[in-house]
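# Chain and residue survey
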Amino acid sequence: MPRHRSSFFVAGALLATGLAIGLLLHYPTAGHAQRGDGPAASLTAREQQFELLAREVDQFQRQANILKTVIKLVSPSVVHIDAERIEALGRSRRGLIEEAGSGVIVDMAGKNYVLTNRHVIKNHNKTDIKIRLYDNHEMHPQQIWSDPDTDIALMLVDGDDLVPARIGNSDQLEIGDAVLAMGSPFGLSRSVTSGIISAKGRRDLKLGEQGVRLQDFLQTDAAINPGNSGGPLINMRGEVVGMNTAIVSNSGGFEGIGFSIPINMVMMVARHLVEKGVVVRAFLGVTYDKDFDAAMAARLGLPRPYGARIEGLTEGGPAEAANLRVDDVILKFNGVPVDDGDHLVNIVSMTEVGKAVPVVVWRGGHEIQLTAKVGDAARFRKSSVVDTPR
């Protein structure tokens, strides 16, 4: 059976190690205290050690109190989600389909919504879904939206004394930042685990049968298990910086690698869904080289393969209008260095439709800057494939 944690000490091992080192520096060993000093002196030394220990523990406790404060502030915003429905399994058989996950309450334009993963509530209607609040009060959503490309969903809710979470800026996260994961792993609601941001920009994960097309995951070693899906990833300011979504595991339980959708992406998708009913995504109109390697980079005069090499252009698309060409390597888009083609797709999709953005490309052995006005992907979706690997 996989193990899971319910404790919440960020970098607890480091804090404990620091405390132990402090004790060694301050306190002589029992043997040293007894040499030539006698029992009375030894007792006095022990009292001094207890006093020093108390001061060290007070400092340690002040650090731990930060975590307790974060948890107290955020917990009322975290919800447990149950979704179940009866489904026909054959001519005369019917079965109960159950899903469980987590979510977080947010405020948008004065209304309360619950953010969660689409896979938690997929194929369920409003009456199938029960949202259990921090005080165990239950409610059904009034309206549901979802986006399969990112596995993001949100639900409009109405209730007294709902506590929206504070939203952070996931672009400011750095590898090594301390974070907490909150949710209901294995149905154990109000669980909290701790860790750090282990990596950023994970984009090639194989997730479920349908997959997630647009990926830009945060990787964390905070324990994420089945039931954590849709719950928040929290920084030490008590702000939501991600939506816990997936794990990589051979056992089906936590093995040290979990993934969260950056909250900036989540909120952009959520606002589009509420305001427009769909996510309006920008596109550039290119096909990029999925297998851009060192040999091709050398042929183009680059020291290593980075950026997105263009293999094709959509006729009449923004890239063609911006004078981008086949064999151009897009190094920066809207000021953001491009890691590869998948990264380019994510950056473009997060750009406001109709915006003119600077594009730095490698062409003919040097960098040049162009300007591209990104279009609406929906206009071209029927006629051609855009911003995809070839």
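Residues numbered from 1 in each chain as written. Predicted model: local features only at pLDDT ≥ 70, side-chain atom pairs only at ≥ 80, totals over all residues. Heavy atoms only, no water.

## Notes on the packing of aromatic side chains
For the structure on display, the rule yields two aromatic pairs. Taking 5.9 Å as the distance between ring centres and 55° as the angle between the ring planes, the aromatic pair formed by Y113 and W145 counts as tilted. Here Y113, found in strand β3 (residues 111-117), pairs with W145, found in strand β6 (residues 143-147); they are 32 residues apart in sequence, far enough to count as distant. As far as burial versus exposure is concerned, Y113 and W145 are alike and both buried. (Phe/Tyr/Trp six-rings, centres within 6.5 Å; stacked < 30°, edge-to-face > 60°. Helix = DSSP H or I, 4+ residues; strand = E, 2+ residues; numbered from the N terminus. Buried < 20%, exposed > 50% of the residue type's maximum accessible area, 1.4 Å probe, protein only.)

## Quick notes on a negative patch on the surface
Residues D135, D158, D160 and D161 make up a contiguous surface patch of negative charge. Within the secondary structure, D161 is located in the loop between β7 (152-157) and β8 (166-167). (Patch = residues over 30% accessible without salt bridge, like charges linked within 9 Å, V, L, I, M, F, W, Y side chains within 5 Å. Areas by Shrake-Rupley, 256 points an atom, 1.4 Å probe, with all protein chains shown as cover. Salt bridge = Lys/Arg side-chain N within 4 Å of Asp/Glu carboxyl O. Lys, Arg positive; Asp, Glu negative; His and termini not counted. Charge placed at Lys NZ, Arg CZ, Asp CG, Glu CD.)

## Quick notes on the side chain of D289
Tracing the backbone shows D289 in the loop between β16 (286-288) and α6 (294-299). Looking at D289, the relative accessible area reads 10%, which means it is buried. Among the polar contacts made by the side chain of D289, one reaches the main-chain amide nitrogen of D291 at a distance of 2.9 Å. Sequence-distant contacts of D289, that is, excluding residues within four places in its chain, are made with M296, R309 and E311. (Polar contact = N/O pair within 3.5 Å; in protein donor to acceptor, adjacent residues only side chain to side chain. Contact = heavy atoms within 4.5 Å.)

## Points about empty space enclosed by the protein
Tallied over the entire structure, the rule returns four cavities of 30 Å³ or more. The computed volume of the largest cavity comes to approximately 80 Å³. Lining the largest cavity are S75, V78, V79, H80, R132, L133, Y134, N136, G183, S184, S189 and R190. Among the elements that make up the lining of the largest cavity, the one with the highest residue count is strand β1 (residues 78-88) (three residues). (1 Å grid on protein atoms, 1.4 Å probe; cavity = no way out; pocket = protein on both sides within 12 Å on 5 of 7 lines; lining within 4 Å. Points joined across faces, edges and corners; volume = space filled by probe spheres on them.)

## Remarks on the nonpolar core
Residues L115 and L154 are the most contacted members of the largest nonpolar core, which totals 36 residues. It is helix α5 (residues 263-276) that contributes the most residues to this core, eight residues altogether. Among the nonpolar cores identified, the runner-up in size contains 23 residues, and L214, V286, F333 and I347 belong to it. (Core = buried A, V, L, I, M, F, W, Y, C linked by side-chain atoms within 4.5 Å.)

## Observations concerning the layout of surface pockets
Volume-wise, the largest pocket comes out at about 500 Å³. At the level of elements, β10 (191-202), α5 and α8 (341-349) are the ones that each hand at least two residues to the lining of the largest pocket. Along the lines of polarity and charge, the residues of the lining of the largest pocket split into seven nonpolar, seven polar and five charged. (Nonpolar A, V, L, I, M, F, W, Y, C, P; charged D, E, K, R; others polar.)

## So, unusual backbone geometry
A positive phi angle, near 70°, is found at N123, a position not held by glycine. In this structure, N123 sits in the loop between α4 (118-121) and β4 (129-132). You can call N123 exposed: its relative accessible area is 57%. Positive phi is not limited to glycine here, since R190 has a value of about 60°. Within the element layout of this structure, R190 appears in the loop between β9 (178-183) and β10.

## Here we look at the pattern of salt bridges
In this structure the tally under the stated criterion is 13 salt bridges. D340 serves as the salt-bridge partner of R203, at 3.9 Å between the closest nitrogen and oxygen. Here R203 is found in the loop between β10 and β11 (217-220), whereas its partner D340 is found in the loop between β19 (336-337) and α8, with 137 residues between them in sequence. According to the relative accessible area criterion, R203 is buried, its value standing at 12%. One salt bridge in this structure joins R309 and E311, with 3.4 Å as the shortest N-O distance. Several salt bridges share partner residues, and in doing so they unite D289, R299, R309, E311 and D327 into one network.

## A few points about α8
Extensive coverage of α8 is indicated by the burial of nine of its nine residues. Residues G341, D342, H343, L344, V345, N346, I347, V348 and S349 constitute the buried set of α8. The inward-facing, buried residues of α8 abut α5, β15 (282-283), β16, β17 (308-313), β18 (329-333) and β19. Two or three places before D342, at the opening of α8, D340 has a side-chain oxygen 3.3 Å from that residue's backbone nitrogen.

## A few points about the pairing of strand β14 (residues 258-262)
Extensive coverage of β14 is indicated by the burial of five of its five residues. In this sheet, β14 lies alongside β11 in antiparallel orientation, the contact comprising three bridges. Note on β14: the bridge partner recorded for T220 is G258. (Pairing = 2+ DSSP bridges.)

## As for the confidence of the model for the chain
Per-residue pLDDT for the chain averages 85, and the proportion of residues at 70 or more is 82%. A low-confidence stretch, residues 1-34 stays under pLDDT 50, and its non-local contacts, those more than four residues away or across chains, total 50 contacts. Counting contacts from residues 382-386, a segment whose pLDDT is below 50, to residues more than four positions away or on other chains yields eight contacts. (pLDDT = per-residue confidence, 0-100.)

## Some words on the pairing of β17
The sheet contact formed by β16 and β17 spans three bridges and is antiparallel. Residue pairing across strands places V286 opposite L313, the latter belonging to β17.

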